[in-house]
Structures are given as structure tokens and as C-alpha cells.
Amino acid sequence: MIVLSVESSCDETSVSLIRDGKEVLSNVVLSQIDIHKEYGGVVPEIASREHIKGVTMVFEEALRNAKIDKKDIDLVAVTKGPGLIGSLLIGVNAAKAFAYANDIQIVGVHHIAGHIYANALTKDLVFPLICLVVSGGHTELILMKEHYNFIKLGETMDDAVGEAYDKVARTIGLGYPGGPLVDKLAATGKPSYHMPDISMGDTFDFSFSGIKSHVINLVHNINQRNEVLNVPDLCTSFQEAVTEVLVSKSIRAINEFDAKMFMIAGGVAANKGLRKKIAERITNVEVVVPEFKYCTDNAAMIGIAGYYQFQKDQKVDDMKLNGSSRLNLI
Ligand code: KG4
Ligand code: ZN
């Protein structure tokens with residue numbers, strides 16, 4: 001089965017072709033990071049306009065790279081949400097137009113299901129499994145007992161972990177997206193700054209707004225007193241506190257639900273400090289981490305999630321019935 005997939009939920013326009021939920025034939029990602037960098041974050045209106053400019057070219061390149069005929073495509077999968085509504089609409093409408101013009105069935109895929117299924121490109125999933133989802137908009141611990149069944153054990157009560165990384169980076173003037181920059185500096189410092197307790201007790205829930213505010217206040221106080229901020233040490237202290245809570249709650253979930261596999265998903269899954277701590281501390285179950293190129297937003301992950309979603313319920317979003325979208329966009 002060949003799936004053509006589309007992702008446009010934030011600032012990446014991406015189209016991919018995948019055979020049998022495994023073999024990536026092409027995965028073209030057009031990133032807008034350099035455009036949004038100037039503003040210190042994603043500007044939704046600009047993002048929508050850039051998706052419109054790029055989407056046709058990305059479709060064409062993905063089809064060219066995959067070297068397959070449009071007639072051989074069995075399913076179109078598109079991110080239906082969550083994400084920036086203007087950005088989502090471009091991908092959904094492009095996918096619908098392609099599906100309609102070529103008479104192909106279409107499914108709408110949850111963006112986070114895509115991040116989770118990026119792991120299935122590395123290893124066949126074994127159940128029950130625990131997945132730690134860490135992205136710019138989400139922080140969740142998920143239990144899966146079978147394919148395409150997601151049980152949320154806990155989530156962030158406020159900011160997502162990637163959001164906290166980006167805000168910390170911005171406060172110390174590192175630029176956007178800040179996560180990778182904080183990660184890089186964290187490898188060179190010492191955890192010399194005190195960080196608040198972010199353990200949230202015995203729950204599987206998280207909270208990152210407190211530590212984010214703590215770092216902002218710390219930096220402002222240091223600046224006001226004309227003291228020198230040790231940037232690598234601050235990055236190490238922040239990263240150490242954040243990765244500690246992520247890993248220790250993951251371990252508790254693995255033990256409590258007798259998981260056979262543990263995986264991480266989302267942009268922050270690229271974090272080297274997190275990967276190192278997982279490798280050191282989670283040794284009793286099989287650990288899967290997605291390839292770096294499939295950690296941040298891309299259409300391949302939507303294609304594989306769409307493949308498993310379709311295998312499970314055989315349901316399509318039939319665009320021809322009433323001419324309007326039956327995809328729930330939120
Ligand atoms: O999953 P993603 O591409 O987009 C969302 O769906 O949100 O994640 C983007 C987030 C950004 O906040 C970015 O700073 C963060 O992932 N990120 C990282 C790293 N690489 C990307 N955060 C920490 N360390 C990294 N190496
Ligand atoms: Zn994402």
C-alpha cells in the first residue's frame with residue numbers, strides 16, 4: 001500500500017510517500033525557520049502564506065523523488081490538527097484537491113499520532129508500550145496497548161517542554177528555535193544554578209511554567225546586579241532539571257504498566273541530554289528513539305500513522321459526499 005502524506009501544522013511544509021508503512025520513498029520538508037527566526041517565533045499569518053507559496057513545489061518534488069506513478073497511490077493522509085489553523089488549512093486543502101483529482105481515499109491524522117509513529121520507522125512496535133511525547137506544543141505520557149490506541153497517563157498542566165526551552169533560549173538571547181541551542185550549550189556547563197522542584201508529586205502530569213519563570217527571574221536579577229551570567233551552566237541546570245522529571249516519570253510509567261517498549265516522540269526527542277539520560281537509566285525495556293530527521297515535523301510520520309490508522313479502522317474521510325471537509329480540524 002502506498003500512502004502520500006502531507007504535514008503543514010506549523011512552519012514546515014512537507015509531503016512524503018511511504019510503501020507499506022515502512023519504506024520511505026520520499027520525504028520532502030520545506031522549513032520556514034529562517035523566516036520566523038527574525039521574529040523570535042512562528043508568526044501564524046506568515047506561516048500560512050509560506051505554506052501556500054511552497055506546497056505545490058513540495059508535492060511535485062516528493063512525487064518526483066519517489067519515482068512512482070500517481071495511479072499507484074492507495075491513500076492520502078494529512079495532518080488534521082492540532083496546529084495553527086491557517087497552516088493546517090493549506091495542507092488539508094492541498095491533500096483534498098490531490099485526492100479528489102486522482103480519485104484516492106483520504107484520512108485525517110492527529111499530529112501527535114504522527115510524532116509517536118515516527119518510531120515505527122525505526123522498529124516494529126511491541127505492546128504494551130510507553131511513549132513520552134515532548135514537542136513545542138505537547139508534553140504527554142502515553143500508554144499504548146495495541147496499534148492506534150492511545151491512553152493519556154499524564155500531560156503538562158501549563159507550558160509544553162519545547163515551549164519552555166524556546167522561552168529560556170530567548171531570555172538568554174540565543175535565538176529561535178532555542179531548544180537545540182540550549183541543548184548544545186548544556187553539554188558544556190555544570191548544573192551550578194539552583195532550580196525549583198518540578199516533580200508534581202506522584203502524578204504523571206508535568207508543569208514547566210514555574211521553572212521557565214524561575215530562569216527568567218534569575219537572568220533579570222543577574223542583569224540588574226550587573227553580575228555575569230554563566231550561560232552554559234544555566235543551560236545545564238535547566239536541562240538537568242527538565243530531563244530528570246521527564247525520565248523519572250517515564251520510568252514509573254514503564255514499571256506501573258509493565259511496558260515492553262519505551263519510545264520518545266516530538267521535537268524535543270532530538271535532545272541529546274534527554275537521550276543520554278534515557279540510555280543510562282532505562283535499561284529494563286527496549287528503548288526506541290526516532291531518527292533525528294523524523295523528530296521534528298515531517299510528512300513521513302503522518303504517512304506511517306495514517307497507514308496504521310487506516311489498517312485499524314478502514315475508515316476514510318470521504319470528501320465527495322457533500323463537497324465539504326469532514327475532517328475535524330481541531
Ligand atoms: O515537534 P516539533 O517539531 O513541533 C511541534 O509539534 O511542536 O517540536 C519543536 C520543538 C521546539 O520547541 C524546539 O525548540 C524543540 O522542539 N527542539 C528541541 C531540540 N530540538 C528541537 N528542544 C530541546 N533540545 C533539542 N535538541
Ligand atoms: Zn510537531
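Described in the following lines is the structure provided in the data block. (Residues numbered from 1 in each chain as written. Chains lettered and ligands numbered in written order. Predicted model: local features only at pLDDT ≥ 70, side-chain atom pairs only at ≥ 80, totals over all residues. Heavy atoms only, no water.)

## Brief notes about the site of ligand 1
Line of reasoning, step 1. With respect to spatial proximity, 19 residues lie near ligand 1, and among them His115, Gly136, Asp166, Gly267 and Asn271 are the closest.
Line of reasoning, step 2. One nitrogen or oxygen atom from the side chain of His111 is found 3.1 Å from an oxygen atom belonging to ligand 1.
Line of reasoning, step 3. Taking Asn271, its side chain carries an N or O atom lying 2.9 Å from a nitrogen atom of ligand 1.
Line of reasoning, step 4. Here ligand 1 has 550 Å² of accessible area as a free molecule, and 88% of this is covered by the chains. (Near = heavy atom within 4 Å. Polar contact = N/O pair within 3.5 Å; in protein donor to acceptor, adjacent residues only side chain to side chain. Areas by Shrake-Rupley, 256 points an atom, 1.4 Å probe, with all protein chains shown as cover.)

## Some words on the pattern of salt bridges
Line of reasoning, step 1. Counted under the stated rule, the structure contains 16 salt bridges.
Line of reasoning, step 2. In this structure, Lys22 and Asp124 form a salt bridge, with 3.1 Å as the shortest nitrogen-oxygen distance. Here Asp124 lies in the loop between α4 (111-117) and β6 (129-134) and Lys22 lies in the loop between β2 (12-19) and β3 (23-31), a separation of 102 residues in the sequence.
Line of reasoning, step 3. Given the relative accessible area of 37%, Lys22 is considered partly exposed. (Salt bridge = Lys/Arg side-chain N within 4 Å of Asp/Glu carboxyl O. Helix = DSSP H or I, 4+ residues; strand = E, 2+ residues; numbered from the N terminus. Buried < 20%, exposed > 50% of the residue type's maximum accessible area, 1.4 Å probe, protein only.)

## What to know about the coordination of the zinc ion (ligand 2)
Line of reasoning, step 1. For the zinc ion (ligand 2), every protein donor is listed as His111 (NE2), His115 (NE2) and Asp297 (OD), and the spread of their distances is 2.0 to 2.1 Å.
Line of reasoning, step 2. When the donors of the zinc ion (ligand 2) are listed by position in the chain, the intervening gaps give H-x3-H-x181-D. Of this pair, His115 sits in helix α4 while Asp297 sits in the loop between β10 (286-288) and α10 (299-313), placing them 182 residues apart in sequence.
Line of reasoning, step 3. Exposure remark for His115: the relative accessible area of 2% places this residue in the buried category. (Donors = N, O, S within 2.8 Å, 3.2 Å for Na, K, Ca; no water.)

## Quick word on the nonpolar core
Line of reasoning, step 1. Among the nonpolar cores identified, the biggest contains 46 residues, and Ile130, Phe208, Leu234, Phe238, Val242, Leu246 and Phe262 are the most heavily contacted of them.
Line of reasoning, step 2. Only β6, β7 (139-144), α5 (161-171), α6 (178-186), α7 (209-224), α8 (231-256), β9 (261-265) and α9 (272-281) provide two or more residues apiece to this core.
Line of reasoning, step 3. The biggest single contributor to this core is α8, with ten residues.
Line of reasoning, step 4. Setting aside residues up to four positions removed in sequence, Phe262 forms contacts with Ile130, Leu132, Ser250, Ile254, Ile278, Ile282, Val285, Glu286, Val287 and Val288. (Core = buried A, V, L, I, M, F, W, Y, C linked by side-chain atoms within 4.5 Å. Contact = heavy atoms within 4.5 Å.)

## Here's the deal with the packing of aromatic side chains
Line of reasoning, step 1. Taken as a whole and assessed by the stated rule, the structure comprises nine aromatic pairs.
Line of reasoning, step 2. Ring geometry for Tyr165 and Phe238: centres 5.0 Å apart, planes at 80°, overall edge-to-face. Residue Tyr165 is located in helix α5, and its partner Phe238 is located in helix α8; the two are separated by 73 residues in the primary sequence.
Line of reasoning, step 3. Overall, Tyr165 belongs to the buried group, its relative accessible area being 2%. (Phe/Tyr/Trp six-rings, centres within 6.5 Å; stacked < 30°, edge-to-face > 60°.)

## Examining unusual backbone geometry
Line of reasoning, step 1. The omega angle of the peptide bond from Phe127 to Pro128 is -5°, so this bond is cis rather than trans.
Line of reasoning, step 2. Here Pro128 shows up in the loop between α4 and β6.
Line of reasoning, step 3. Here the bond from Tyr176 into Pro177 is cis, since omega is -10°, no more than 30 degrees from zero.
Line of reasoning, step 4. Relative to the helices and strands, Pro177 is located in the loop between α5 and α6.
Line of reasoning, step 5. Backbone geometry at Lys67 places phi at a positive 55°, although glycine is not the residue there.
Line of reasoning, step 6. If you trace the backbone, Lys67 turns up in the loop between α2 (44-66) and β4 (75-81).

## A word on α9
Line of reasoning, step 1. If you check which residues of α9 are buried, you get Leu274, Arg275, Lys277 and Ile278. Summarising the axial view, the buried residues of α9 lie within an arc of 165°, below the 170-degree limit, and thus occupy one face. Looking at α9, the residues exposed on the side facing more than 90 degrees away from the buried face are Lys272, Lys276, Ala279 and Glu280.
Line of reasoning, step 2. The secondary structure elements touched by the buried residues of α9 are β6, α8, β9 and β10.
Line of reasoning, step 3. The N-cap residue of α9 is Asn271: its side-chain oxygen and the backbone nitrogen of Gly273 are 3.0 Å apart. (Arc of directions from axis to C-beta.)

Treat this as a map of the structure, not an account of what it does.
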